[in-house]
Amino acid sequence: MADPDEDKIAAYLVDHGLSAERFSKEERRAGKTPDFRVVAQNGLAAYCEVKSIARDKWLDRLFAKAAPGETVGGSRGDPIFNRLTDDIHTAIQQFDAVNPDCATPNILGLVNHDRSCGFLDLLAVLTGNFYGTEGTHPIYRQFSEGRIKDEKSRIHAYIWLDEFRPTRVLFSRTHDEHHATLCRLLGFDDKKTQKC
C-alpha cells in the first residue's frame, strides 16, 4: 500500500539521482525495517525512514464533544516536542534492525502537515535550544538530553518537507565520512554545512 509521505521523500531522493527501494514483504515480516534502502549508482548509499507529522487535532476533538455554546480549550504542554522525540526514537529502532553499527548513513525524512510545527522545533529537540531574534536560549534540554540524547547522533541527515514552507535538510555531522557522502549525494557543499 502506497504512503503519500513516503512517496514525497522518495521523490526528493529521486530528484537527487538516487533511488528509494522498499524492503520486501518478507523482510518486513521478519522484523523491523526502515522504509527504504537509498541506492546510488555504486550500490547501497543509506537507509531512510519516513515519519509523518500530522496536524494536532486536540482542539477539534474538544469541539466535537462540546455542547452548543460551550467554551472549550485550556492550557496544556506543547505536544510537538514529544512527537518529534517519539519519531526519532522509533526511527532509531528501525535503523538498528538493519544497520546496528551505523556502517551506512541513516536519513530521517519528516513530512510535516501541522502549521504549528516547524523546522525550528526539530532544531530545538536536537540541540535543546530556543532560536529567537535575540539569540539562542537552552530551554529544551529535557528533550535533547532525554531519551534521544545518544540516539539522535545515529541519524546523519534529516530531510524536512513541509506542504507550506521550503524543504530543509539538516546534517548531524556526527560521522565525518557519512556526512561527506550525504552532502555529495544530496548536492550540498560539506564545507558550508553547519553542525547541529
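Residues numbered from 1 in each chain as written. Predicted model: local features only at pLDDT ≥ 70, side-chain atom pairs only at ≥ 80, totals over all residues. Heavy atoms only, no water.

(A) Local environment of the packing of aromatic side chains. Under the criterion given, the structure shown has six aromatic pairs. Their ring planes at 20° and their centres at 6.3 Å tell us that Phe23 and Tyr47 sit as a pair that is stacked. On the criterion of sequence distance, the pair formed by Phe23 in the loop between β1 (19-22) and α2 (25-30) and Tyr47 in strand β3 (residues 43-53) is long-range, its members being 24 residues apart. The two residues Phe23 and Tyr47 agree in class, both being buried. (Phe/Tyr/Trp six-rings, centres within 6.5 Å; stacked < 30°, edge-to-face > 60°. Helix = DSSP H or I, 4+ residues; strand = E, 2+ residues; numbered from the N terminus. Buried < 20%, exposed > 50% of the residue type's maximum accessible area, 1.4 Å probe, protein only.)

(B) Fine view of helix α1 (residues 4-15). Between its terminal C-alpha atoms α1 stretches 16 Å, which fits the 16 Å expected from twelve residues at 1.5 Å a residue. Looking only at α1, the buried set comprises Asp5, Glu6, Ile9, Ala10, Tyr12 and Leu13. Viewed along the axis of α1, the buried residues span an arc of 155°, placing them on a single side of the element. Across α1 from its buried face, at more than 90 degrees, point the exposed residues Pro4 and Asp15. Capping the start of α1, Asp3 holds a side-chain oxygen 2.8 Å from the backbone nitrogen of Asp5, two or three residues further along. (Expected span 1.5 Å × (residues − 1). Arc of directions from axis to C-beta. Polar contact = N/O pair within 3.5 Å; in protein donor to acceptor, adjacent residues only side chain to side chain.)

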